[in-house]
Amino acid sequence: MARWCYRHRLVVLLLWLGALFGLGAASSSAGTNYANVFSLPDTDSATAYDLMEKAFPQSAGDTDTVVWKVDGGSVRDESVRSRIEPALEEIGRMKGVGQVTDPYAAQGAAQIGKDGRIAYAQITFTEQANAVPKDLIEDVVDTAQAAERDGLQVELGGQAIALTQEPPQGLAEAVGILAAAVVLFLAFGSLFAMLLPIVVAIAGVGTGLIGTMLLSHVTDVPEVAPLLGSLIGLGVGIDYALFIVTRHRRGILRGMKPEDAAVTALNTSGRAVLFAGGTVCIALAGMLVMNMRFLDGVVVATSLTVVMSVLAAITLLPALLGLLGMRVLSRRQRRRLAAAGPEPAESSGLAARWSSYVQRRPRPVAAMAVVVMAVLAIPVLSLRLGATDQGNHQESTTTRQAYDLLAEGFGPGVNGPLQVVVEGDAPAGLVNGIRSTEGVAQVVAVPPANGVTVIQVVPTTSPQSEQTDDLIDRLREDVIPPTGAEAHVGGVTAVFKDFAAVTADRLPYFVATIIALGFLLLLVAFRSLVVPLTAALMNLIAAAASFGVLVAIFQWGWGTELIGVGKEGPITSFLPVIMLSLLFGLSMDYQVFLVSRMHEEWVHTKDNARAVRVGLAETSRVINSAALIMICVFSAFVLSGDMEGAMAGIGLAAAVALDAFILRTALVPAAMHMLGNANWWLPDWLEKRLPHLAVEPAEDLPVAGEEPVVSGRSSVVHGFVRGADGEPVEGAAVTLLTQGGRRLDGVTSLADGSYIVAVPAPGTYLLAASAASYGSRAGQVVVTEGPLVYDVELAEGEVDAVN
């Protein structure tokens, strides 16, 4: 398929453009129909919500609030009323505004604070917040705030008002893409190579999000789903393309034709991308175990975006590689290739030196990594799930000011009232019992409607307070049952409390499910019991540490105002499920790319130390580059204007940073060095029963001007190049030749002097080694069925010729 896409690149490009424009046109005409379905089946708050809908079927419009405060005097003063009342009347006449409840009306006394300095009016729109035209919301804000004067402060709160404070749509994505472009340019040094992953990611995310918009008409998709879909889609889309482009460029530099390099890249890294994308989707599908209706739409949006990103990487990317040809390399690389010829595959520099250091000192490296992760995980012990609201907005926003003014004038509980919903008439004893309950500030029973009575309960504490959660429990367990009434406690605060309780109950099953699925996939892929066990443990460590960072920032408030995410509060109750799904999927990606190279080396050499060292040296740079890109993309979602999006972005950025730079670069290889050959142990009886799944097949290493000779190799020669003093020789050119002098394979020794060359078949060969200031040495090697260990010693100025 890769070769077909490469050769028919224009057809592939037209198909992708047609899909983007076709889906875009369809979504433009159909619009969106996102549904915020936060209720949980079989919970008390869900039953209360259903009864509320029965009682007030017409109260579908969003209700927002205008709050005003005077520095002196009273809001009842004529000087205040003469400015506020005309503004409220003008707002009430606006098309799209259904009703305005005026505190100066006969029934509005309760909307004026006890000290007379703060009052509020409620504006009920005819539509839900997201359906209210933005122009109308802005007119309401401008009209209300035009009434301000010295000594009179006017603020507005509510879901519709909050929409006017959101940054321009796509700002977070644009900033993330720009940051990723900088990292890609530094990694590749080529403008065209930099653009490839970005174009592929945009194509995948674009089709995925447009498809999500269309799916919102046939299934419940929450508004936060597209944001999470773009967050994960941009991250994996750029990373997957990065892995493939890196392999493609390496093939060209080793002398392959661009088409052959593209085919090889897709047949190797492309297979790993397919496997990695599948693990991400499986981890996302694990959310279905939670049986939360709200999460079903999130699974649809994020999984569809990941699938489209993978599809773009394996079809659109080879077509773009065909368009660019040699221009995927920088000008300097093209000139060097033309002048010096193909270069051997080599892993040198910082990555190789670090890999050798981890091999020499695995225990200190592992201990340091464990200490760092443990310290970062400490805050997770105080994790508290709940809901974020406008009290968590930045202090400069009008919604936060309105929230604080309401709390100041009417008590903190007014921002999160509870509804006790009763089928039929409410017993007098119930209302009195609620009124006398500890933690209740105010109780108002609304006249029955459609056989349902609603009792408004205002707590004495804020919606995010633990005391409010305790009040809900007291109402449900101690106050309502003795009255014999069929009553249920609802409201946004109760809904999120139920979410938190259900999440805590079902989270262990969810974690067990995705760990088990990931274990089985890695077991089949790497034919080992220890590797998937190690991966599962690392995933848990990464999750604990990343949630520790999340708690420190968003719950403890370490730097929330500094990074522009507002006031601290509890962690959104559904966020752990979403974050764990994404985290486990992304962690599995890095594990696959790291261990697949180690596994390939192990298959050929049966030398665990070399397999781990070479695997880390050859993959750490691309994994760290990919992680840096994901960190940029995820961190940019702080600019999304959505608290949940900011939490997910910061949490995932921390998780990726810790996973890539500490776990995969230090702890995993250190642990694998300590475990030795046990890494690759698998009982014979299990080996016979497992299906075979090739994550990344052996890569052909053709030499310019020759046919590939290594694709069917049966063994290798490996060892160390050292000087007469026993010190390793880095950068020595090691070449395997036939007895007739034809070159078969060539590499450059690593920082520790190690090398490995591929042998096509058992037989007798020549192995030549040379290095600057050392001269050269060659000798015959006889290779049988297994790997051959052959160390080379170079002496300064000596030449050992072989007849």
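Since we're looking at a predicted model, the values are computed, not measured.

A. Just the packing of aromatic side chains, in detail. Inspection of the entire model under this criterion finds 6 aromatic pairs. For the pair Trp68 and Tyr104, a centre-to-centre distance of 6.1 Å together with 40° between the ring planes defines the contact as tilted. Taken together, the positions of Trp68 in strand E1 (residues 63-70) and Tyr104 in the loop between strand E2 (97-101) and strand E3 (118-125) put the pair 36 residues apart, joining distant regions of the chain. Each member of the pair, Trp68 together with Tyr104, is buried. Across the ring face of Tyr6, the terminal group of Arg9 is positioned such that the distance to the ring centre comes to 5.5 Å. Arg722 extends its terminal NZ or CZ atom over the ring of Phe720, reaching a point 4.6 Å from the ring centre.

B. The packing of helix H2 (residues 9-30) against helix H8 (residues 191-215), seen in detail. With their axes 9 Å apart at the nearest point, H2 and H8 run at an angle of 30° to one another. By the angle between their directions, the pair H2 and H8 is classed as roughly parallel. The two elements H2 and H8 meet at a crossing, and its hand is left-handed. Of H8, the residues touching H2 (which contributes Trp16, Leu20, Leu23, Gly24, Ala26, Ser27 and Ala30) are Ala203, Gly206, Thr207, Ile210, Met213 and Leu214. A per-class count over the contact of H2 with H8 returns 9 nonpolar, 4 polar and no charged.

C. Representation of the sheet that holds E2. Strand order in the open sheet formed by 4 strands is E2-E3-E1-E4, with antiparallel pairing between adjacent strands. Edge positions in the open sheet fall to E2 and strand E4 (152-157), since each of these has one partner strand only. Averaged over all pairs of adjacent strands, the angle between strand axes in this sheet comes to 20°, irrespective of strand direction. Of the strand pairs in this sheet, E2 and E3 are connected by 4 bridges, and their pairing is antiparallel.

D. Spotlight on helix H19 (residues 530-555). In a regular helix each residue adds 1.5 Å, so 26 residues correspond to 38 Å; H19 covers 36 Å between its end C-alpha atoms and thus fits that length. Within two residues after H19, Gly557 carries a phi angle of roughly 85°, on the positive side.

E. Just a negative patch on the surface, in detail. Together, Glu90, Asp135, Glu138, Asp139 and Asp142 line one region of the surface with negative charge. Per element, the largest residue contribution to the negative patch is 4 residues, and it comes from helix H5 (residues 134-145).

F. Structural detail: the pattern of salt bridges. A complete count under the given rule lists 13 salt bridges for this structure. Among the salt bridges present, the one from Asp404 reaches Arg400, with a minimum N-O distance of 3.1 Å. In this pair, Asp404 and Arg400 are both assigned in helix H15 (residues 398-410), 4 residues apart and thus about one turn of the helix distant. Among the residues examined, Arg400 registers a relative accessible area of 6% and is labelled buried. Residues joined by salt bridges that share partners form a network here, namely Arg3, Arg7, Glu259 and Asp260.

G. How the structure looks around the nonpolar core. Counting residues in hydrophobic clusters, the biggest one holds 161 residues, and the most contacted among them are Met287, Phe554 and Phe634. Considering each element in turn, this core owes the most residues, 19 residues, to helix H22 (residues 643-675). Once residues within four sequence positions are removed from consideration, Met287 is found in contact with Leu295, Val298, Val299, Thr302, Phe510, Val577, Ile578 and Ser581. By size, the runner-up hydrophobic cluster in this structure holds 31 residues, among which are Ile112, Ile123, Ala144 and Leu163.

H. Molecular detail of the pairing of strand E8 (residues 452-459). Buried residues dominate E8, accounting for 7 of its 8 residues. In this sheet, E8 lies alongside strand E6 (residues 418-423) in antiparallel orientation, the contact comprising 6 bridges. In the sheet register, Gln419 faces E8, and the bridge partner there is Gln456. As judged from the 7 bridges shared by strand E7 (residues 440-449) and E8, these two strands associate in the antiparallel manner.

I. Spatial organisation of the environment of Ser436. By secondary structure assignment, the location of Ser436 is in the loop between helix H16 (428-435) and E7. Taking the C-alpha atoms as reference points, Ser436 and Val479, separated by 43 residues in sequence, lie 9.7 Å from one another. Among the polar contacts listed, one links the side chain of Ser436 to the backbone oxygen of Gly433, at a separation of 3.1 Å.

J. Spatial organisation of a positive patch on the surface. Where like charges cluster on the molecular surface, the positive patch consists of Arg331, Arg332, Arg335 and Arg336. Here Arg335 lies in helix H12 (residues 331-340). On the basis of relative accessibility, which here comes to 55%, the residue Arg335 falls in the exposed class.

K. Here's a closer look at a nonpolar patch on the surface. A cluster of nonpolar residues, Val182, Phe185, Leu186, Leu191, Phe192, Leu195 and Val199, forms a patch on the protein surface that exposes about 640 Å² of accessible area. Where the nonpolar patch is concerned, the elements lending two or more residues are helix H7 (171-188) and H8. Among the elements that make up the nonpolar patch, the one with the highest residue count is H8 (4 residues). Examined against the element boundaries, Val199 turns out to sit in helix H8.

L. Fine view of the packing of H19 against helix H20 (residues 575-605). The interhelical angle for the contact between H19 and H20, taken along N-to-C directions, is 135°, at an axis separation of 10 Å. Considering their axes alone, H19 and H20 lie oblique with respect to each other. Helix-helix and strand crossings are classified by hand; for H19 and H20 the assignment is right-handed. Mapping the contact onto sequence places Val531, Ala535, Asn539, Leu540, Ala542, Ala543, Ser546, Phe547 and Leu550 in H19 and Leu575, Pro576, Met579, Leu580, Leu583, Phe584, Ser587, Met588, Gln591 and Val595 in H20. The residue makeup of the contact of H19 with H20, split by class, is 15 nonpolar, 4 polar and no charged.

About the thresholds
- Residues numbered from 1 in each chain as written.
- Predicted model: local features only at pLDDT ≥ 70, side-chain atom pairs only at ≥ 80, totals over all residues.
- Heavy atoms only, no water.
- Phe/Tyr/Trp six-rings, centres within 6.5 Å; stacked < 30°, edge-to-face > 60°.
- Helix = DSSP H or I, 4+ residues; strand = E, 2+ residues; numbered from the N terminus.
- Buried < 20%, exposed > 50% of the residue type's maximum accessible area, 1.4 Å probe, protein only.
- Lys NZ or Arg CZ within 6 Å of the ring centre and 35° of its normal.
- Axes fitted to C-alpha atoms, helices over the stretch in contact; angles between N-to-C directions.
- Parallel < 35°, antiparallel > 145°, perpendicular 65-115°, else oblique.
- Left-handed = near helix turned anticlockwise from the far one by under 90°.
- Contact = heavy atoms within 4.5 Å.
- Nonpolar A, V, L, I, M, F, W, Y, C, P; charged D, E, K, R; others polar.
- Pairing = 2+ DSSP bridges.
- Expected span 1.5 Å × (residues − 1).
- Patch = residues over 30% accessible without salt bridge, like charges linked within 9 Å, V, L, I, M, F, W, Y side chains within 5 Å.
- Areas by Shrake-Rupley, 256 points an atom, 1.4 Å probe, with all protein chains shown as cover.
- Salt bridge = Lys/Arg side-chain N within 4 Å of Asp/Glu carboxyl O.
- Lys, Arg positive; Asp, Glu negative; His and termini not counted.
- Charge placed at Lys NZ, Arg CZ, Asp CG, Glu CD.
- Core = buried A, V, L, I, M, F, W, Y, C linked by side-chain atoms within 4.5 Å.
- Polar contact = N/O pair within 3.5 Å; in protein donor to acceptor, adjacent residues only side chain to side chain.

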